[in-house]
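Spelled out, the chains give:
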Amino acid sequence: MMLFVATMINYMDRQVLSLTWKDFIAPQFAWTDADYGVITAFFSITYAVCMLFAGKFIDWRGVRQGYTWAVALWSFGAMMHAFCGIATCGLLTGEWFVSFDGARETLHDAATIMLPISTVSIYLFMACRLVLGIGQSGNFPAAIKKTVDYFPKKDRAFATAIFNNGASAGALLAPLFIPFIASHFGWEMAFIVVGALGYIWVIAWLILYKKPQKNNRVNQTEFEYIYQDEDEKLTSQGIVDEGPRMSIRKCLTYRQTWAFFFGKFMTDGVWWFFLFWTPAYLSDQYGYSSDSSMGMTLIVVLYLITMLSIGGGYFPTYFVDRYSNEPYQARMKAMFYFASIQLIGFLAQPLGGMSPWLLVLVIGVLGAGHQAWSANIFSMVGDLFPRRAVATVIGLGGCAGGIGSFLVNMVSGSLLSYAENMGETFSFLSYSGKQAAYMIIFCICAVAYLIGWVVMKLMVPKYKPVMIKEIVPHDS
């Protein structure tokens, strides 16, 4: 439950800017779409790069301390956004001790220097996104490492699916109350309220979390169930042998790392495309703005459908219990089914032409398939690597996913702009203009998972855990 809530807060903090910039922030700072694009692209790159080191940090400091630092840092970064108006006012006019309303009034009166206002505010928001990205890069390495601590291999995908649905829950809840807070109390309060949730979580985490061997609420039967896997037995002193620490360089020498790396690179961008571009699609194709009742209803229904992915995390456990598959074999079998489900992406544009509800149904199923895939690919790392290396490898894969997401969204934006400019002269299959561009993107999304699965299967055709005999000195 703690992991679910942390992931939900993580996604809500990311979305505050996207839900407030157009109607509340842009008028104050005279932002353009290009300005917003620069800020979001900067966050994506920051997040991807920091994932390289976040996992290593979690493996070094441990889940309890590492997760605490990660959530506290990104919550601080989220709340920093609220003071960008005051900071812009102070840097340009020298008036630092003003209220949020006072900063707005001062900047409004300084209309003759609007270009500096825009430029300064962009850099300030980029600084805030930098802090947010550094902190948020620690969420998934810490969460996956915690599931490895508390679940045997066959159950990890199900546990991961539960907390990973926090992403859908965050995406679902954010548009329901963030615009309300911004419109009634100011956009600054939206950042402060959501950011403060992280500190409440940190307090609860420090009180509740302990490793299984130090947790009085874990009895001997549960403890033995957690460590039932043959390669994760206890030492003669009854201590869990977590294996040696591994450097990033060492991790990159194993094909198991590259299999996970490629799988994340191919598929994370699909989820982020749906997350960032579905509202734009609804506006382009049907005229439903994100703040309209119909637009909000469609988005809410979409993310409700994606939460069905929780059942996908149970598939490996079913295969293990019913057919006696070993966990890795069961996981790859489940991931093949989820990759195959994505082929219905070919139908998104044709069905979307009939009804927005059919489009939402298709994208919702695609999102659920992705989240089920994501739960299993994350859990695959725990199957193949020693416990002390799990967060490091997760960080490497997260970096690959961040790069893939950056490329997908950059290419999508360029393609859609090009198609809009070309109009009817740009065509694909039976579609033209922006509809042709969306059809191309949906087709790419439909096959990305099967390509990823095939390459992963070729790299690691059967269960082969990484065995390290020597202790690798701690380095970067």
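The present account deals with the structure reproduced in this document. Each chain carries its own residue numbering, running from 1 in the direction its sequence is written. With pLDDT at 70 or above as the cut-off, local features in this predicted model cover only qualifying residues; side-chain atom pairs require 80 or more to be listed or tallied, and sums for whole chains, interfaces and linings still use all residues. The side-chain values count all of the structure's non-hydrogen atoms but skip hydrogen atoms and water molecules.

Runs of H or I in DSSP of at least four residues are treated as helices and runs of E of at least two as strands, each being numbered from the N terminus. As for its position among the elements, Arg331 is in helix H15 (residues 327-341). At 2.6 Å, the side chain of Arg331 and the side chain of Asp383 are in polar contact. Pairs of N or O atoms within 3.5 Å make up the polar contacts considered here, provided that, within protein, one atom can donate a hydrogen while the other can accept it, and that residues adjacent in sequence are counted only when both atoms are side-chain atoms.

A pair is scored as a salt bridge if a Lys or Arg side-chain nitrogen falls within 4 Å of a carboxyl oxygen belonging to Asp or Glu. Inspection of the entire model under this criterion finds 3 salt bridges. A salt bridge links Asp268 to Lys264, with the nearest nitrogen and oxygen atoms 3.1 Å apart. In this pair, Asp268 and Lys264 are both assigned in helix H12 (residues 255-286), 4 residues apart and thus about one turn of the helix distant. Given a relative accessible area of 11%, Asp268 falls into the buried group. Taking the relative accessible area as the measure of exposure, Lys264 reaches 4% and is therefore buried. Between Glu420 and Lys434 there is a salt bridge, with its nearest N and O atoms 3.9 Å apart. With Glu420 in helix H18 (residues 390-422) and Lys434 in helix H19 (residues 434-459), the pair connects residues that are 14 residues apart, well separated along the chain. When a residue's accessible area, from a 1.4 Å probe over protein chains only, is under 20% of the maximum for its type it is buried; when over 50% it is exposed; and in between it is partly exposed. Using a relative accessible area of 22% as the deciding quantity, one classes Lys434 as partly exposed.

On to the side chain of Ser374. Along the polypeptide, Ser374 turns up in helix H17 (residues 356-384). Given the relative accessible area of 4%, Ser374 is considered buried. Contacts of Ser374, omitting those with residues within four sequence positions, involve Asn164 and Lys264. Residues count as neighbours in contact if any of their non-hydrogen atoms are within 4.5 Å of one another.

Backbone geometry follows two general trends: most residues other than glycine have a negative phi, and most peptide bonds adopt the trans configuration. For Ala30, which is not glycine, the phi torsion reads 60° and is therefore positive. Examined against the element boundaries, Ala30 turns out to sit in the loop between helix H1 (2-29) and helix H2 (33-61). Residue classification places Ala30 among the partly exposed residues on the basis of a relative accessible area of 33%. The phi dihedral of Leu429 is positive, around 55°, even though this residue is not glycine. By secondary structure assignment, the location of Leu429 is in the loop between strand S1 (427-428) and strand S2 (431-432). On the accessibility criterion, Leu429 (64% relative accessible area) is exposed.

Let's shift gears to helix H5 (residues 100-109). Burial in H5 covers these residues: Phe100, Gly102, Ala103, Thr106 and Leu107. The arc that holds the buried residues of H5, viewed along the axis, is 160°, so those residues lie on one side. Away from its buried face by more than 90 degrees, H5 exposes Glu105, His108 and Asp109. For this quantity, the arc is that covered by the directions from the helix axis to the C-beta atoms.

Once that is clear, we can look at the packing of H18 against H19. Packing of H18 against H19 brings their axes to within 8 Å, and their N-to-C directions diverge by 155°. Between H18 and H19, the crossing angle belongs to the class labelled roughly antiparallel. Crossing geometry of H18 relative to H19 is assigned as right-handed. For the pair H18 and H19, contact is made by Ser412, Leu415, Leu416, Ala419 and Glu420 and by Lys434, Ala437, Tyr438, Ile440 and Ile441, respectively. In this classification, Asp, Glu, Lys and Arg are treated as charged, Ala, Val, Leu, Ile, Met, Phe, Trp, Tyr, Cys and Pro as nonpolar, and every other residue, Gly included, as polar. Considered class by class, the residues forming the contact of H18 with H19 number 7 nonpolar, 1 polar and 2 charged. Every axis in this analysis is a line fitted to C-alpha atoms, fitted for helices over the stretch in contact. Angles between the N-to-C directions lie between 0 and 180 degrees. With respect to orientation, any angle under 35 degrees is reported as roughly parallel, any angle over 145 as roughly antiparallel, any angle of 65 to 115 as roughly perpendicular, and every other angle as oblique. Left-handed describes a crossing whose near helix is turned anticlockwise from the far helix through less than a right angle; right-handed describes the clockwise counterpart.

Next up on the list: helix H4 (residues 84-93). Among the 10 residues of H4, 7 are classified as buried, and the element is accordingly described as predominantly covered. Taken together, the buried positions of H4 are Cys84, Gly85, Ile86, Ala87, Thr88, Cys89 and Gly90. Gly94 sits one or two positions beyond H4 and adopts a positive phi of about 85°.

Just geometry here; none of it tells us what the structure is for.
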